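Residues per chain are reported as follows:
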Amino acid sequence: MARKPRRTRPTILSRISQFAASTARAPRHLSGDTGAWALILVFFGVLAIVAPRLRAVADRAAPPTDEIRFVATPDWVGGSLIEHLGRVASRQLPDGPPTQGDLAAVHDALDRSGWFDQVRRVRRAADGDIEIEASFLSPVAIVVDDYGEVVIDASGRPLPEGTRMADEPHVIRITGARTNRPSRAARSWQGDDVAAALRLHALLQGRDWADQVQAIDLADFDRTGGLVLMTDLPTRIRWGAAPGEETPLEALADRKLFRLDSAFRNHGRIDQHHTGEIDLTMASHVVQR
């Protein structure tokens, strides 16, 4: 006795084909603008029903996630940090192929990690792996507060606890800040004193004598609005206002740099081996005390 043929359920594609065929056999009185608009509405109605099922089929067919990749990371980011951030991301992923909601959870977790200026994109690549495009906070200076040392970026935002900067090239620290670090990483430091120190810090980078500067001290900032350079002798060099914010009778930043360059060229040291205080703020001359 012959086996009874097994009925198969029509696939999504076959249903679309049937719809196209039925559309072709549509009554002729659906003509002109009315008929065209009716067909367009029917098409988008079917598409709205079919699209989610097609997406679900594609998700089930996608390969599982084997790797989490960060695209175009800066040179200072080491393998241990990438592994740590990979674990942060992987905790948001299921065992199977991730959904858009899972990718959004990865984005949020990385954004809260405190390592990034911006997490631009989290996507699943064709091979099933997760690719992350993000810009890291870039360490530029160290601030010393009541809790110890903390690495900050050029905008004064602290990097997460435990971040370290190599001592080569020389790192100029910022001391005497009015307030302590923010409670969370990647938040801006409160107050204009650290911002002023960072402007001077950027001006000193790359100078031949920069390694003679141990710190930019903010202890006098509230009282005078001035910054002080502390050399390794030690010597206090009164710099004055932040670059671009000089008072009317104060020497400008380029004049102050010229004086320090001349001292280094003539004496080998910007403090000229003087262990007291050097005042660069006057427009006409330098004062040693």
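Q: When you look at the layout of surface pockets in this model, what are you seeing that I'm missing?
A: For the largest pocket, the calculated volume is near 260 Å³. As for the largest pocket, its lining consists of 15 residues, and the residues nearest its centre are Pro139, Met165, Ala166, Pro169 and Val171. Per-class residue counts for the lining of the largest pocket are eight nonpolar, five polar and two charged. Each pocket or cavity is described by its volume, and for the second largest pocket that value is around 220 Å³. Forming the walls of the second largest pocket are 17 residues, and the residues nearest its centre are Thr224, Gly226, Arg238, Gly240 and Thr281. Looking at the lining of the second largest pocket, the elements with two or more residues in it are helix 6 (221-224), strand 8 (227-231) and strand 9 (236-240). A total of four residues in the lining of the second largest pocket trace back to one element, the largest contributor, which is strand 9. Residues that form the lining of the second largest pocket fall into these classes: five nonpolar, six polar and six charged.

Q: What is the right way to look at the sheet that holds strand 8 in this model?
A: Whenever strands of a sheet pair, they do so through backbone hydrogen bonds, lying parallel or antiparallel. Here eight strands make up an open sheet; going across it, the order is 5-4-6-7-8-9-10-11 and the pairing mixed. Where the open sheet ends on each side, the last strands, each with one partner, are strand 5 (148-152) and strand 11 (287-288). Across the sheet, helix 7 (residues 253-267) is in contact with strand 8 and strand 9; its angle to strand 9 comes to roughly 160°.

Q: Please clarify how the pairing of strand 8 should be interpreted in this entry.
A: Two faces belong to every sheet, and in a regular strand the side chains alternate between them. Within strand 8, four of the five residues are buried, which leaves the element mostly enclosed by the surrounding structure. As judged from the four bridges shared by strand 7 (residues 213-217) and strand 8, these two strands associate in the antiparallel manner. Looking across to strand 8, one finds that alanine 215 is bridged to methionine 230. Here strand 8 folds back onto strand 9 in antiparallel fashion, the turn holding four residues.

Q: Would you mind showing me how to read the pattern of salt bridges here?
A: Side chains that differ in sign of charge can pair as their charged atoms come close. Under the defined criterion, the tally for this structure stands at 23 salt bridges. Two residues, arginine 207 and aspartate 261, come together in a salt bridge whose shortest N-O distance is 2.9 Å. Pair noted here: arginine 207 is in the loop between helix 5 (192-204) and strand 7 and aspartate 261 is in helix 7, with a separation of 54 residues, a long-range link. Overall, arginine 207 belongs to the partly exposed group, its relative accessible area being 29%.

Q: What's the story with unusual backbone geometry in this structure? I'm lost.
A: Note: most residues except glycine have negative phi, and most peptide bonds are trans. Residue proline 234 follows leucine 233 across a cis peptide bond; omega there is 10°. Of note, proline 234 is situated in the loop between strand 8 and strand 9. Positioned with a positive phi, alanine 72 is a non-glycine residue whose angle comes to about 55°. Positionally, alanine 72 belongs in the loop between strand 1 (68-71) and helix 3 (79-90). Despite not being glycine, histidine 273 shows a phi value in the positive range, around 65°. Tracing the backbone shows histidine 273 in the loop between helix 7 and strand 10 (277-279).

Q: How do you make sense of helix 7 when you look at a structure like this?
A: An α-helical turn contains 3.6 residues, so a residue and the one three or four places further along point in the same direction. Between its first and last C-alpha, helix 7 extends 21 Å over 15 residues, near the 21 Å set by a 1.5 Å rise per residue. Looking only at helix 7, the buried set comprises Ala253, Lys256, Leu257, Arg259, Leu260, Ser262 and Ala263. Check the buried side of helix 7 and you find it contacts helix 5, strand 8 and strand 9. Immediately downstream of helix 7, the backbone of glycine 268 shows phi near 80°, a positive value.

Conventions and cut-offs
Residues numbered from 1 in each chain as written. Predicted model: local features only at pLDDT ≥ 70, side-chain atom pairs only at ≥ 80, totals over all residues. Heavy atoms only, no water. 1 Å grid on protein atoms, 1.4 Å probe; cavity = no way out; pocket = protein on both sides within 12 Å on 5 of 7 lines; lining within 4 Å. Points joined across faces, edges and corners; volume = space filled by probe spheres on them. Nonpolar A, V, L, I, M, F, W, Y, C, P; charged D, E, K, R; others polar. Helix = DSSP H or I, 4+ residues; strand = E, 2+ residues; numbered from the N terminus. Pairing = 2+ DSSP bridges. Contact = heavy atoms within 4.5 Å. Axes fitted to C-alpha atoms, helices over the stretch in contact; angles between N-to-C directions. Buried < 20%, exposed > 50% of the residue type's maximum accessible area, 1.4 Å probe, protein only. Salt bridge = Lys/Arg side-chain N within 4 Å of Asp/Glu carboxyl O. Expected span 1.5 Å × (residues − 1).

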